[in-house]
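# Report on the structure
Here are the chains, one letter per residue:
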Amino acid sequence: MRRCRHSKAACSRFKHASLGIALTDLNGCHTLVNPAYERIVGYSEQELKALSMREISHPDDWERKKAMLDLLFGGQRAEFEIEKRYTHKNGHQVWARNNVSLLYDEKGQPAHIIVISEDISQQIESKQEQQKLRKLVDNSVDMMAILGLNGKNTYINKAGMEMLGFADQDAVQNTPISDLHSPEDFDKVQHEVLPAVMQTGRWAGTMIVRNLKTGERFPVYNNTTRIDHPLTGEPMAIGAVMRDMRPELKAQKEQQKLIALLEKSSDFVSLSDLEGNVHYVNEAGRRMLGIETREELERHNSEYVVEGEVERLQNDIRQQLLDTGRWAGEILYKHFKTGEAIPVYGNSMLVYDEISGEPIGRATISRDLRQEKAFNKALTESEQRFRTMIEQAPVAIGVTKGADMIIETANDALLDLWGRDRKVIGQPLLTALPELQGQPFPALFKQVFETGIAHYGFETPAALVRNGVLEIFYFNFIYAPFRVNGVTTGVQMLATDVTTQVKAKKELQASEERFRNFVTNAPTPIAVYVGREMRIQTANEAVLKTWDRDASVIGKTFLEALPELEGQPFSQLLDDVYMTGVPYNAKEAKVELFVGGRIKTHYFNFTYKPLRDGNGEVFGVINTATDVTDLVLARQQLTEAEERLRLAVESAEIATWNINLQNGEVNFSQRAKDWYGFEGESVNMHDGFAAIHPDDRGYAVANMEKALKFENGGNYEDEYRVVGMHNSHLRILRMSGKVIFGERNEPILLTGIVRDITLERMQAQELENMVQQRTRELQMANLQLKQTNEELEQYAYVASHDLQEPLRKIRMFSSMLKDNKELSGNTTIQTYINKISASATRMSLLIKDLLDFSRVDAKEELFTTVDLGKVLANVEHDFELMIEQQKAVITADKLPVISAIPLQMNQLFYNLLGNALKFIPPGEAPGSSSPVHRPGSSCCRRTTNLPAKPGTTFL
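On a predicted model such as this, the values are computed, not experimentally measured, just so you know.

With that settled, the discussion passes to the overall build of the chain. Within the chain, the secondary structure is distributed over 31 helices and 35 strands. Within the structure as shown, the chain displays about 56,000 Å² of accessible surface, and the carbon and sulfur contribution to it stands at 53%.

What follows is the structure, given as structure tokens:
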């Protein structure tokens, strides 16, 4: 950390380090952290300074870390590494690998603890996922094994060890696979299975294996895959998944026996839809009625009875079926070939959908009654044979009697299914199987007994005690009413154990659901493409956000969803992975994506991995990605910033320096050394002050001492002269710096920059001299101007004073002419005399205004109220003769009264009117110019191109 404080580069490396770095005191309280450490724990530097290491550590890990710290403080360890958990500010746990060591002060005593932390949460999660996967394999119901190329298994899961009779893994690894087969069976393995796996990469099919303990040979379905080295592609081992086919074959046989039992039943059995259309009749029924083809049996049930029974069948029997769900009684069937009426005892019932509970058809079991009375004994024997057949049937069959469900019949298959012996015969069902209490089966028995309606169950769970352990099993079963002479006396049951199939299906569904949830909820963008066209099957929220797309892209091909990637390499990469089965990984790959309405450049770390089906064939590709755009751009910006900084420092001719205030060591850049005249690597503060000009040294020392006081804020600014130690070159330097204070507010480091301002100072001095010279010249010019103005004012005064006397005489003689009696009667002369007098008066006023204007320095003092209408009238009077000569007509809006200098307003209107009259082209109407006042606008506005009569001037 001390080195970090010695240079900006080191500080930058500390700030931008990818690993978290924290400095704490010996009690674990944070004193300094970098941004990477803040990201790991979620707290800002200010927040961490108020928290100790213990407060943000998981309580289960702290004691372990404290024990390691004790060894560190005791000198038994120089450093240690530990994996521990932080409690993130948001509340979740973060796994980190910490390297912890001590920092020592100048006396060699421990001063701080430094912690370098790496976030390994993803590694831990990956390890945990591997453990889960291993547990999943170990607990799989199917055998899973890895076979080495030496012909011995290196691993078999628990199910496989139990299936093949292994005692432990040592036995697995020491037993050649030839021992798991009889010689004739192993011949197939040697010459068919293993060559196919090594050549094509997989083999699937049925083979015979044997149990090492019992020697039993049994069939298995084996799915075998060659495992290749991910880098070299060379075969490493063979993986095998085996499913014991004995339960499946047994279940198939049981189902076949049940079907055969119905087909070979001596009673007529038929099935029809709710409308009475027959679609199945068993062999006994077909034989009874003379049915030879399927077309003959597929007809309405009314055609099965004699004519006299049709109405009864369609009304009474049908109505009872609809009301109660069942009907039982005698009825007359007819032989399709001979027309013979055959009396039967029919038992019809509605068949219900197990899920919706709605009736879906009818089932009828009819007994031929033709020989019943004549052959009672034979019938009894037949019933006994039937009972015996039930007893010995491989399908679980039983009968209970009465509402108390007394077990009357239970064959061996049913007793095996229950896990009981024949002692339960004659016991109530709940006495024999007390674990059924609270399960739905007693209620179903009661329902079938009371309603006479059969109940069908498929893959229904049941808890049964076997070998003293309560276990869950799954069954397909039928509860049907057992009738004697048409009266329900009990319930017959028929069941098949489908536990193996159900568990396999549930495990598959659970596995698929876990994978789906993992993909959907993963924070990392994940997508799954299937088929060579790369159709999107799955895309989680993270990848949709990255693409700036919604869920509508699911089902589209890769390029349909992301057309902007056409021409970029990713489609070809996906095809290569699909065709070769070799994964592809990319780091900081550049991708042009259409995001936010425009194409933007992104950078990704991504992986394309092939997805294989149960046969090992590639059926798709899974794509995982991490957006590293910010990281790449930040690195680029950092590189550019460092280069700009280097160029800026070079172009600005700035030097850097820092002083270790603990030992007085000074670190100068080469440029600073040249300015101070230092040579060699080692410089101390004494040398630095010695280079300062003696006249400046005192206040330079005072300025530094002032900056070293904590209460002054630590800012350092100074400017002084230095004399090169070895070249005696005089320079003026400007210093800027910052003091770094320790925990007790003591100054530790002073760092900053220095700039040579000698040339600036020389230029400034030269500029100042030039300014002074120009100032003196300006003062002389002002004196001359003042003198000139005074002379001009004197001239104006004399001129205006001298002009007043002629004007006075003009006015006097005008008055005398006006009063002359001889001229008083001549109107024209009187008019001219009045105009001369008025003009003389106006000229006298103008001279007076001119004299006043020349005397006053502040022209604002001449402002007075001026009526522009009167000014225009006076000027118009002055131009009276010219107006008549030009035949001009002067018109004007009403002009305002304003604050102005009268002389200037007179001059303005005089120039306007004079120019308008003066510059009229011969033979054309005069132009127009009008001073017009408008509230809120400028005083004057120029108007041109106005229509005018010849000789008219508009004002």
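Here the narrative resumes, following the displayed structure.
Moving on: helix H5 (residues 59-73). Counted at 1.5 Å a residue, the expected span for H5 with its 15 residues is 21 Å, and the 21 Å between its end C-alpha atoms agrees. Taken as a whole, H5 has its buried residues at Asp61, Trp62, Lys65, Met68, Leu69 and Leu72. Each buried residue of H5 sits inside an arc of 130 degrees when the element is viewed along its axis, so together they form one side. Residues of H5 that are buried sit in contact with strand E3 (79-87), strand E4 (93-104) and strand E5 (110-119). Just downstream of H5, Gly75 is the residue with a positive phi angle, here 85 degrees.

In this section: the packing of aromatic side chains. One pass over the full model with this rule turns up 13 aromatic pairs. Here Tyr584 and Phe606 contribute two aromatic rings whose centre-to-centre distance is 6.0 Å and whose plane-to-plane angle is 40 degrees, an arrangement assigned as tilted. Taken together, the residues Tyr584 in strand E23 (residues 584-595) and Phe606 in strand E24 (residues 598-612) connect sequence positions 22 residues apart. Of the aromatic side chains, those joined through ring pairs into one cluster are Phe268, Tyr304, Tyr333 and Phe336. Sitting above the plane of the Phe336 ring, Arg299 keeps its charged end 4.4 Å from the centroid. Across from the ring centre of Phe473, 3.9 Å away, lies the NZ or CZ of Arg466, which sits over that ring.

The next point concerns the nonpolar core. Formed by 29 residues in total, the largest nonpolar core has its most connected members in Tyr529, Trp547, Phe558, Phe570, Phe606, Tyr608 and Val621. Among residues more than four places away in sequence, those in contact with Tyr608 are Phe570, Leu573, Leu574, Val577, Pro583, Tyr584, Val621, Ile622 and Asn623.

Let us now look at the pattern of salt bridges. The tally for this structure, following the rule as stated, stands at 33 salt bridges. Ionic pairing is found between Arg422 and Asp412, a salt bridge with its closest N-O pair at 2.8 Å. Of the two residues, Arg422 is situated in the loop between helix H15 (412-418) and helix H16 (429-432) and Asp412 in helix H15; the sequence distance between them amounts to 10 residues. The exposure class assigned to Asp412 is partly exposed, which follows from its relative accessible area of 42%. The closest approach of N and O atoms between Asp696 and Arg721, which form a salt bridge, is 2.9 Å. Taken as a pair, Asp696 in helix H25 (residues 694-707) and Arg721 in strand E29 (residues 715-723) lie far apart in primary sequence, 25 residues in all. Where salt bridges share partners, they join Asp61, Arg64 and Arg85 into one cluster.

The predicted model of the chain has a mean per-residue pLDDT of 82, with 89% of residues at 70 or higher. Mean pLDDT in the chain bottoms out at strand E35 (residues 953-954), which sits at 38, and peaks at helix H21 (residues 570-580), which reaches 93. Contacts of residues 1-6 to residues separated by more than four positions or lying in other chains number 17 contacts, the stretch itself having pLDDT below 50. Here residues 932-955 scores under 50 on pLDDT; set against residues more than four positions off or in separate chains, the count is 55 contacts.

Right, let's talk about helix H17 (residues 441-451) for a bit. Every buried residue belonging to H17 is among Phe441, Pro442, Leu444, Phe445 and Val448, and all of these are buried. Seen end-on, H17 carries its buried residues on one side only, within an arc spanning 160 degrees. For H17, the exposed residues set more than 90 degrees away from the buried face come down to Ala443 and Glu450. Packed against the buried residues of H17 are strand E16 (396-401), H16, strand E18 (455-466), strand E19 (469-484) and strand E20 (487-497). Positioned one or two residues after H17, Gly452 has a phi angle of 75 degrees, which is positive.

A few words on empty space enclosed by the protein. Here the structure, examined in full by the defined rule, presents 6 cavities of 30 Å³ or more. Volume-wise, the largest cavity comes out at about 230 Å³. Along its surface, the largest cavity is lined by 17 residues, and Asn301, Leu313, Tyr333, Ser348 and Thr364 are the ones closest to its centre. Of all the elements in the fold, those that place two or more residues in the lining of the largest cavity are strand E11 (268-272), helix H13 (307-324), strand E13 (326-334), strand E14 (341-352) and strand E15 (359-368). Looking at side-chain class alone, the lining of the largest cavity contains 10 nonpolar, 6 polar and 1 charged residues.

Two elements in contact, helix H29 (residues 868-878) and helix H31 (residues 902-918), have axes whose closest approach is 9 Å; the angle formed by their N-to-C orientations is 50 degrees. Taken together, the axis directions place H29 and H31 in an arrangement best described as oblique. The two elements H29 and H31 meet at a crossing, and its hand is right-handed. Contacts from Leu868, Val871, Leu872, Val875, Glu876 and Asp878 of H29 reach H31 at Met905, Asn906, Phe909, Tyr910 and Leu913.

Definitions and limits used
Residues numbered from 1 in each chain as written. Predicted model: local features only at pLDDT ≥ 70, side-chain atom pairs only at ≥ 80, totals over all residues. Heavy atoms only, no water. Helix = DSSP H or I, 4+ residues; strand = E, 2+ residues; numbered from the N terminus. Areas by Shrake-Rupley, 256 points an atom, 1.4 Å probe, with all protein chains shown as cover. Expected span 1.5 Å × (residues − 1). Buried < 20%, exposed > 50% of the residue type's maximum accessible area, 1.4 Å probe, protein only. Arc of directions from axis to C-beta. Contact = heavy atoms within 4.5 Å. Phe/Tyr/Trp six-rings, centres within 6.5 Å; stacked < 30°, edge-to-face > 60°. Lys NZ or Arg CZ within 6 Å of the ring centre and 35° of its normal. Core = buried A, V, L, I, M, F, W, Y, C linked by side-chain atoms within 4.5 Å. Salt bridge = Lys/Arg side-chain N within 4 Å of Asp/Glu carboxyl O. pLDDT = per-residue confidence, 0-100. 1 Å grid on protein atoms, 1.4 Å probe; cavity = no way out; pocket = protein on both sides within 12 Å on 5 of 7 lines; lining within 4 Å. Points joined across faces, edges and corners; volume = space filled by probe spheres on them. Nonpolar A, V, L, I, M, F, W, Y, C, P; charged D, E, K, R; others polar. Axes fitted to C-alpha atoms, helices over the stretch in contact; angles between N-to-C directions. Parallel < 35°, antiparallel > 145°, perpendicular 65-115°, else oblique. Left-handed = near helix turned anticlockwise from the far one by under 90°.

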